[in-house]
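In case you want the letters, here they are:
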Amino acid sequence: MFRNTFQKGFLSVFYSIGSNPLLIWKTQTKNGYIKRVTDEDLNSMALEIVGSNMATAYIVTPIHPRESLAIKLPFIVLIIKNMNKSFSFEVQILDDQNVLRRFRVSNCHNSTKINSFSTAMPIVMSDGWNQIQFNLADFTRRAYNTAYVETVRIQIHANVRIRRIFFSDRIYTDDEKPEQYRLFLPKERVAKKSEKTNKPPTTPKTERNDYCVDTCNQPCAYINPS
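All values derive from a computational prediction rather than experimental measurement.

### A look at the nonpolar core
So, step 1. Ile156 and Ile162 are the most contacted members of the largest nonpolar core, which totals 39 residues.
So, step 2. Per-element accounting of this core gives the leading share, four residues, to strand 13 (residues 160–168).
So, step 3. The contacts of Ile156, once residues within four sequence positions are left out, are Trp25, Ile49, Ala57, Tyr58, Ile59, Leu78, Phe87, Ser88, Phe89, Ile162 and Ile165.
So, step 4. Grouped together as the second largest cluster of nonpolar side chains are eight residues, Ala46, Val77, Phe166 and Leu183 included.

### Overview of the packing of aromatic side chains
So, step 1. As enumerated under the stated definition, the model contains 11 aromatic pairs in all.
So, step 2. Between Phe10 and Tyr181, the aromatic rings sit 5.0 Å apart at their centres with planes inclined by 35 degrees, giving tilted as the arrangement. One end of the pair, Phe10, is in strand 1 (residues 10–15); the other, Tyr181, is in the loop between strand 13 and helix 2 (187–196), and 171 residues separate them in sequence.
So, step 3. By relative accessible area, which is 11% here, Tyr181 ends up buried.
So, step 4. The interplanar angle of 75 degrees and the centroid separation of 4.9 Å between the aromatic rings of Phe134 and Phe139 together place this pair among those described as edge-to-face. One exposure class covers both Phe134 and Phe139, and it is buried.
So, step 5. Through a chain of ring-to-ring contacts, the aromatic side chains of Phe87, Phe89, Phe103, Phe134, Phe139 and Tyr144 assemble into a single cluster.
So, step 6. Stacked on the ring of Tyr33, the Lys or Arg Lys35 has its end atom at 4.9 Å from the ring centre.
So, step 7. Here the guanidinium or amino end of Arg164 rests over the ring plane of Tyr181, the centre of that ring lying 4.1 Å away.

### With respect to the pattern of salt bridges
So, step 1. Considering all chains together, one arrives at 15 salt bridges under this definition.
So, step 2. Here Asp39 makes a salt bridge to Lys81, at a shortest N to O gap of 2.8 Å. Of this pair, Asp39 sits in strand 3 (residues 32–39) while Lys81 sits in strand 6 (residues 75–82); the two residues are 42 residues apart in sequence, bridging distant segments of the chain.
So, step 3. Note on Asp39: relative accessible area 0%, which makes it buried.
So, step 4. Residue class for Lys81 comes out buried when judged on its relative accessible area of 9%.
So, step 5. The partner of Arg161 in a salt bridge is Asp39, and the shortest N-O contact between them spans 2.8 Å.

What counts and how
Residues numbered from 1 in each chain as written. Predicted model: local features only at pLDDT ≥ 70, side-chain atom pairs only at ≥ 80, totals over all residues. Heavy atoms only, no water. Core = buried A, V, L, I, M, F, W, Y, C linked by side-chain atoms within 4.5 Å. Buried < 20%, exposed > 50% of the residue type's maximum accessible area, 1.4 Å probe, protein only. Helix = DSSP H or I, 4+ residues; strand = E, 2+ residues; numbered from the N terminus. Contact = heavy atoms within 4.5 Å. Phe/Tyr/Trp six-rings, centres within 6.5 Å; stacked < 30°, edge-to-face > 60°. Lys NZ or Arg CZ within 6 Å of the ring centre and 35° of its normal. Salt bridge = Lys/Arg side-chain N within 4 Å of Asp/Glu carboxyl O.

Right under this line is the structure:
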């Protein structure tokens, strides 16, 4: 899907703002819904996935099961909101043994479980918006002692709000990121908006929370395991 795309820096696969944010995604809902809503903390649009059973409410890319995203960038970053309900996401990768492996991350897991083709890992998120940074190359090496080649498929399950999902070639600080890849508006833009409305500058209601997906389950900007 992105095999012939120049891959360096940032590669976005989902952004909640725009005319058709689900262009490359397939949706599945049963006893739930998938829709865009105005988030009160961002004062902007986000995609909300809700379902009584998180297994039957999700979005997945590519749309066709035989296709591959073919994204070689090793870091996947999800900007998502904790809805204090069950939630999971899955990333399927191809390694240098030409084997498909699947990483499944969920707040329903209590421990990490690894078998030949899949790894289930727990995650703990803070209230409000979180930024999850997942080093696919490192986890492939640690779980299977093989080398990451590319990401094949991504599936995001209920219950969650999504702002953006993107890949990068390394971890970037907020100052290094393009503005549209940051969670909140820069302070100078917040100040400008407040000047127009004759109100004092305010900051968003929630603090940004960075998480690495790791067995430690502790908040961090990024953990580089030894």
